[in-house]
Structure formats: structure tokens, C-alpha cells
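So you can see what is in the structure, the chains are spelled out below.
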Amino acid sequence: MEKFRQEIARKLAPLLNMSSEAARALMEVPPNPAWGDIAIPCFSFAKTLRKAPQAIALDLAKAADFGGLASSVEATGGYLNLTLEKAAVTRHIMQGILQDGASFGFTNKGAGKTVVIDFSSPNIAKPFGIGHLRTTVIGHSLSRIYSELGYRVVRVNHLGDWGTQFGKLIVAYKLLAKDDELISDPIGTLFRIYVEFHRRAESSPELLEEARVWFRRLEEGDEEARSLWQRFVEVSLKEYQRVYDLLGVEFDYWLGESYYEPLLASTVAAVEAQDLTTVSDGAVIVDLADYGMPPCLLRKTDGATLYATRDIAAALYRDKKHHPELMLYVVGQEQTLHFKQVKQVLTLMRTPAGEKLVHVPFGLFKFPEGKMSTRQGNVIFLEDVLARAVDLALVVIHAKNPELENKRDIAQHVGVGAVVFGDLKHGRIKDVLFDWDEMLNFDGETGPYVQYTHARACSILRKAAVAPALSDEAALTDEYALPLIKLLGEFPQIIARSASEYEPSVVARYVLDVAALFNRYYHNVRILGGEKDASATRLAVVLATQRILARGLYLLGVTAVDKM
RNA sequence: GCGCCUGUAGCUCAGUGGAUAGAGCAACUGCCUUCUAAGCAGUAGGCCGCAGGUUCGAUCCCUGCCAGGCGCGCCA
């Protein structure tokens with residue numbers, strides 16, 4: 001479709017006295033498909049040409065020559081509306097998808113470029129809660145979307161494996177846990193003692209001081225502290241891996257904050273060397289008042305480093321190691337200020353890392369009961385959510401398709417797909433209300449709906465007696481096939497837009513639209529049987545749809561099942 | 001107090017400086033002897049938070065206000 005728009009823009013540009021890019025940017029999609037494929041609003045020319053928009057549109061319609069591209073050109077209400085030649089459009093799109101197969105959306109914009117994506121990044125010793133779902137699935141999807149554009153993608157899991165919470169955990173462990181508990185139920189145990197620690201600390205604040213001491217000992221390499229820390233990290237990673245396996249999420253690097261620890265001293269020194277730091281109440285800070293921000297703390301009064309120090313060190317490290325074009329941080333919007341500060345400090349340091357750093361924020365999960373807090377112990381485990389979704393999917397399969405083989409396997413993909421898709425269909429930035437009913441819904445605008453549509457397409461392709469072929473082009477232009485094919489043709493633009501906006505929901509919405517149009521097609525047009533050439537051509541539409549749906553779901557990190 | 005984000009149908013959300021603001025869920029009503037009814041089709045449901053401004057044209061951009069969320073030097 002885009003190819004046609006650009007063609008039209010090129011022919012239109014001289015008449016409007018502008019570049020073809022500008023002419024392209026002017027184009028709109030008419031609200032009513034009956035009015036055509038492309039609309040050029042003429043209101044903005046009225047002043048300079050001193051003519052009514054209506055008349056301008058009329059003149060353009062008369063003057064323009066689009067060759068065989070447009071089947072109708074009309075001036076209505078100040079708009080120049082044009083309809084593309086149906087057969088040319090459908091032929092072009094269908095040939096493209098059938099030839100390119102899965103690589104139809106591939107535009108190669110990112111060839112030779114690298115993007116580093118920091119996502120998921122759970123805090124060790126805290127359960128992998130529903131709160132981690134968003135960063136994990138958004139980051140996973142973005143990594144696939146950028147790969148699709150030809151970028152080399154470096155996926156980094158920036159584990160929260162350092163910081164004062166480990167002092168707390170060590171104190172709590174020595175006080176409250178037995179060794180065998182950590183083996184039988186690692187996260188559960190760490191979680192329990194972490195909550196209990198905070199409960200006790202309310203009446204015994206000296207525990208907090210003890211925790212600070214232990215973290216200090218950890219930083220200094222104390223053997224006991226170190227070995228406890230090591231165990232906490234190991235058992236936690238093992239549990240996280242189960243969730244990642246379920247979601248199909250992988251990383252290129254698992255680098256905790258501890259990894260950057262040896263770099264911190266030189267990082268602070270580098271900032272100091274640029275004369276950016278001042279000492280305030282004994283702490284080392286970068287004053288950012290000139291940029292309308294509170295200061296960025298690099299060292300506490302006691303000399304210990306902070307979150308910002310580690311993020312600056314990590315950004316410098318990533319830039320040096322991977323030479324990326326972009327460094328994305330898929331982290332909740334509550335950390336917007338933090339990343340603005342880090343970016344500003346990097347910019348002041350005059351390193352390229354400053355402009356490469358992009359915070360990709362997302363809204364929080366909200367709960368009817370109020371804010372969720374690990375410390376208070378009210379957490380919804382992601383694994384439980386996924387398990388419930390899978391169980392429910394199994395129940396639905398037994399009810400709707402009892403003959404299905406591999407029920408458990410399919411149920412897992414469908415259940416997980418419902419949860420993942422349910423998250424990704426929302427714009428990132430909005431807060432999400434956690435709602436079991438919506439999370440476990442399989443009807444309407446959901447992952448299972450798209451998966452089901454894909455399975456339907458697969459089912460037809462399995463039963464077909466003839467091979468898909470574009471042998472009867474008239475079968476591509478009926479009122480149900482035409483809008484579907486046009487939409488399929490937008491796939492490359494959709495991928496590009498979702499990448500530039502860091503917004504997987506663009507793909508999710510698109511895939512829902514494709515599914516809706518396909519289901520309408522399916523319902524109204526008989527594909528199998530009938531005249532051979534027409535049937536083969538309709539099968540080609542089914543095949544093209546199946547490929548786009550499969551690829552779209554892949555980009556979202558959802559499995560496209562063949563049957564369900 | 002200051003800063004950032006959000007406010008669209010009963011609920012969850014799309015949407016664009018332009019022509020009649022769209023989906024899904026929930027409600028009601030049709031459609032399974034035809035390719036998977038996790039589907040399709042229909043009915044109903046709207047001062048696009050409020051008030052100004054910019055513009056030929058604002059739900060969209062600007063300002064103010066209201067409501068909610070988040071953040072604001074020694075947590076991450």
C-alpha cells in the first residue's frame with residue numbers, strides 16, 4: 001500500500017509545488033472506505049491560492065494524471081479523494097506476501113545497527129510478581145520487532161542483585177530461616193523472611209542498622225556475606241527461569257548490578273574529572289538545578305554508591321561494548337525522573353551514551369485493594385496468573401474441542417497468550433487495573449481470539465485440495481477480500497511504527513484488526529470447493545492472512561497454534 | 001508545594017489538526033445438516049473531565065482549573 005501512496009505523491013507533488021515527501025505527509029485515509037483509499041485535504045492551500053478548497057480539489061482532480069494507478073479521482077467537500085486500482089493493489093500485495101513469506105514485514109531499516117534493550121530486570125529475592133509482567137513482555141516484543149527491522153538486538157536482563165536489600169536479607173536469613181527451607185522453597189522463603197524483617201524492623205529499628213552493616217560487609221568482600229549473597233542469587237535465578245521458559249523469553253546477557261560494581265569508583269572519578277560534582281552534606285552529587293531537576297546522587301555520606309551510579313556505569317559500559325545506536329530501558333514510569341537525571345549526567349559528561357539512552361516507560365498495575373508492596377507481602381505471583389490462565393484454557397478446550405491432541409501443550413500457549421496479549425494490547429503508558437476476569441477472558445479482543453483465527457486459517461489450508469495460487473484475480477476484489485488484503489499490505493508500516501514509538505500495542509491492535517476482517521471474510525465467503533481457480537485464489541488470501549497473523553503474534557511473543 | 005503521566009460509551013480501551021468519534025466486554029436479539037460458534041451479524045449506549053485561547057477547522061495543539069496515578073538527596 002505504501003508503495004502506491006508514494007507513487008501517487010510523486011505524481012501529485014509538482015501540481016502542489018512541494019516535495020513528494022510533503023505530498024505523502026498530507027495524505028489521509030478517508031473515514032468512509034467508499035470514498036476511496038487516499039484523501040488530500042485542500043483547506044491549507046486556500047489562503048495562498050486565494051481559492052475555495054472545493055475549487056482547488058476540483059482543479060487537482062482535473063489536472064492530475066495518475067496513469068493506471070487510480071480508478072477514480074473525485075473532489076468532494078474540499079478533499080481530493082482517490083481510489084486505487086483494485087486489481088493492481090491486490091496483486092501487488094498478494095504477490096509480495098506469497099513471495100516473501102515470513103519476511104514480508106522486513107524493511108531492513110536497521111541493517112548494520114545495534115540496539116541494546118534492558119528489560120525484565122527483576123530484583124533478586126523478591127518474587128517474580130505480576131508487576132514484572134509488563135517490562136518482560138514489552139521488552140521481549142520490542143526485541144523481536146527491532147530484529148524484524150534488521151537491527152542487531154542485545155537483550156540485557158539487568159538483575160537487581162545488589163543494594164541494601166541484601167543487608168536486610170542476610171540479617172533476616174540468619175534470624176529467621178533454616179537452610180533446608182531455602183532449598184525446598186527458595187523464593188517463598190526469601191520472600192517470607194523479607195516481609196517478616198520489615199514487620200519486625202518497625203518495632204526494632206536497630207535491625208535496619210544491622211542490615212546496613214551487612215551490606216557494607218558484602219561490598220567489602222566479607223566471605224560470609226558473599227557466600228550468602230551468592231546463594232540468594234542462584235536460587236532466585238533458577239525460579240525466574242521457569243517463568244521465562246513459560247513466556248519463551250530469552251536474554252543475551254544476564255548482568256546484575258553487582259557486575260558493574262568494580263566500575264563504580266572509576267565512574268564516579270570520571271564524573272568528578274569533568275568538574276560536574278559537588279559535595280553536599282558529605283554526599284557526592286551532580287547538581288542539576290540548571291535543568292530543572294533535583295540533584296543526582298552518586299555517593300552517600302558513608303561513601304556507598306547508589307542506583308544512579310550503577311546505571312551511569314552500566315550505560316557507559318554498554319555503549320563501549322556494543323556501540324549501539326539506541327539503548328532502551330523498559331522500566332516503569334515511576335522511574336522517569338531517575339532516567340532523566342542519568343541521561344542528563346551522561347550528556348554533561350559529553351559521552352554519546354547520553355543521547356542513545358531512551359527510557360521506555362510504562363504504567364503501573366493497580367489493584368482494587370490499593371497499592372501492592374513486596375514489603376507488606378501482598379503480591380500476585382506471575383507464575384500463579386499464568387497457571388490459572390493455562391488451567392482455564394484447558395477447561396475451555398475440553399468443552400469446545402475435546403478431540404484435540406496435545407491439549408496441555410495448546411492450553412499452555414493459549415493461556416500464556418491470553419495473559420501476554422492482554423498486557424500488550426494496551427498502550428504502554430497507561431496504568432492497568434489488575435482484573436482476573438479480564439486477564440482470563442478469551443473472547444473478543446484477546447490473544448486467544450487471534451490464535452483461534454490463525455488456527456481457523458490453518459485448518460482451511462490443511463483441508464484444501466488445490467494449492468494456493470493467484471489464478472483468478474477477480475476473486476481478490478470482492479467486498480470482503482479487498483479490505484482484508486489492503487490491511488495485510490500495511491504490515492511493514494505497522495512494524496516500523498511500533499518500533500519508532502517503542503509500542504508493541506500497535507502490532508497487537510493491528511493483528512486484532514486483521515483477525516476481525518479475516519473472520520468476516522471466512523463467514524461470508526466460501527473458500528473450499530467451487531470453481532478451481534477462484535478457490536485457489538481465495539486460499540492464497542487465507543495463506544497470506546495466516547502468515548501475517550503468525551508473524552504478528554511472533555512479534556508479540558505469543559505462539560501461533562495450528563489447532564485449538 | 002513543585003514536576004511528570006492519565007482523564008473518550010456502564011466497564012476496559014483505540015483514535016486523528018479535518019468530512020458521520022470507533023472496537024471489545026457487560027445487556028438485549030438473531031445465526032451451528034456448510035471450511036473450528038474461542039466465531040459472525042444486529043439493537044442500545046457519547047457536553048471526547050471543565051473553562052478559555054490559537055486555527056478556515058480542536059476530542060487532538062496552548063493556558064488555567066478539577067479529578068486520579070506516580071515522583072521529588074543519601075531505596076531500587
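For the structure itself, look to the data block above.
Scoring rules and cut-offs
- Residues numbered from 1 in each chain as written.
- Chains lettered and ligands numbered in written order.
- Predicted model: local features only at pLDDT ≥ 70, side-chain atom pairs only at ≥ 80, totals over all residues.
- Heavy atoms only, no water.
- Helix = DSSP H or I, 4+ residues; strand = E, 2+ residues; numbered from the N terminus.
- Contact = heavy atoms within 4.5 Å.
- Lys, Arg positive; Asp, Glu negative; His and termini not counted.
- Charge placed at Lys NZ, Arg CZ, Asp CG, Glu CD.
- Near = heavy atom within 4 Å.
- Polar contact = N/O pair within 3.5 Å; in protein donor to acceptor, adjacent residues only side chain to side chain.
- Nonpolar A, V, L, I, M, F, W, Y, C, P; charged D, E, K, R; others polar.
- Axes fitted to C-alpha atoms, helices over the stretch in contact; angles between N-to-C directions.
- Parallel < 35°, antiparallel > 145°, perpendicular 65-115°, else oblique.
- Pairing = 2+ DSSP bridges.
- Salt bridge = Lys/Arg side-chain N within 4 Å of Asp/Glu carboxyl O.
- Left-handed = near helix turned anticlockwise from the far one by under 90°.
- Core = buried A, V, L, I, M, F, W, Y, C linked by side-chain atoms within 4.5 Å.
- Buried < 20%, exposed > 50% of the residue type's maximum accessible area, 1.4 Å probe, protein only.

*Asks:* Mind laying out the overall build of chain A, listing which residues take part and the relevant values?
*Replies:* Each helix and strand counted, chain A has 23 helices and 13 strands in total. C-alpha atoms of chain A, sized along the principal axes, occupy 85 × 65 × 40 Å. For chain A, the share of sequence-separated contacts (at least 6 apart) that also reach a separation of at least 24 residues comes to 74%. Within chain A, the 70 negative side-chain charges are centred at a point lying 4 Å from the centre of the 64 positive side-chain charges.

*Asks:* Could you give an account of the protein's contact with RNA strand B, naming the residues involved and the relevant values?
*Replies:* With respect to spatial proximity, 68 residues lie near RNA strand B, and among them Tyr 79, Lys 300, Lys 400, Tyr 452 and Tyr 522 are the closest. The sugar-phosphate share of atoms of RNA strand B within 4 Å of the protein amounts to 60%. One nitrogen or oxygen atom from the side chain of Asn 32 is found 3.4 Å from a base oxygen belonging to RNA strand B. For RNA strand B, a phosphate oxygen lies 2.8 Å from a polar atom in the backbone of Gly 427. Broken down by secondary-structure element, the contributors of at least two residues to the surface near RNA strand B are strand 3 (79-84), strand 8 (283-286), helix 13 (307-322), helix 16 (382-400), helix 19 (447-463) and helix 22 (505-524). Among the elements that line the surface near RNA strand B, the one with the most residues is helix 19, at 8 residues. Residue composition of the surface near RNA strand B, by class: 30 nonpolar, 17 polar and 21 charged.

*Asks:* Run through the packing of helix 21 (residues 491-500) against helix 22, naming residues and quoting values.
*Replies:* Close contact between helix 21 and helix 22 brings their axes to 8 Å; oriented N to C, the two are set at 155 degrees. By the angle class used here, helix 21 and helix 22 are roughly antiparallel. On helix 22, the residues that touch Phe 491, Ile 494, Arg 497 and Ser 498 of helix 21 are Val 506, Val 507 and Tyr 510.

*Asks:* Can you lay out the sheet that holds strand 6 (residues 253-254) for me, pointing to particular residues and giving the numbers?
*Replies:* A sheet is described by the order of its strands in space; here 5 strands give the open sequence 6-5-4-10-11, paired in parallel fashion. Unpaired on one side and paired on the other, strand 6 and strand 11 (357-360) mark the two borders of the sheet. With 2 bridges connecting them, strand 5 (residues 152-157) and strand 6 associate as parallel partners. Residue pairing for strand 6: Asn 157 is matched across the bridge by Trp 254.

*Asks:* Go over the pattern of salt bridges, please, and point to the residues and values.
*Replies:* Using the criterion set out here, one finds 25 salt bridges in the structure. The salt bridge involving Arg 217 is made with Asp 222; its shortest N-O contact spans 3.1 Å. Bridged by salt links that share partners, the residues Glu 2, Arg 5, Arg 24 and Glu 490 form one connected network.

*Asks:* Help me get a handle on the packing of helix 20 (residues 481-488) against helix 23 (residues 532-556), residues and values and all.
*Replies:* Interaxial distance between helix 20 and helix 23 falls to 11 Å at its minimum, and their mutual angle equals 35 degrees. The two elements helix 20 and helix 23 meet at a crossing, and its hand is left-handed. Facing Leu 484, Ile 485 and Leu 488 of helix 20, the residues of helix 23 in contact are Val 541, Ala 544, Thr 545 and Ile 548. The residue inventory of the contact of helix 20 with helix 23, partitioned by class, reads 6 nonpolar, 1 polar and no charged.

*Asks:* Quick rundown of the pairing of strand 3? Include the residues and the values.
*Replies:* Of the pairings in the sheet, the one linking strand 1 (residues 38-41) to strand 3 comprises 4 bridges and is antiparallel in character. Note on strand 3: the bridge partner recorded for Ala 39 is Asn 81. Across 6 bridges, the pairing between strand 2 (residues 70-76) and strand 3 is antiparallel. Residue pairing for strand 3: Glu 74 is matched across the bridge by Asn 81. Remark: 2 residues form the turn of the hairpin made by strand 2 and strand 3, two consecutive strands paired antiparallel; Gly 77 in that turn has positive phi of roughly 55 degrees.

*Asks:* Tell me what's going on with the nonpolar core, and back it up with residues and numbers.
*Replies:* By size, the foremost hydrophobic cluster in this structure holds 149 residues, and its most contacted members are Ile 8, Ile 130, Tyr 146, Phe 232 and Leu 328. If you tally residues by element for this core, the top one is helix 22, at 11 residues. Residues Val 154, Val 271, Phe 339 and Val 342 belong to the second largest nonpolar core, which totals 24 residues.

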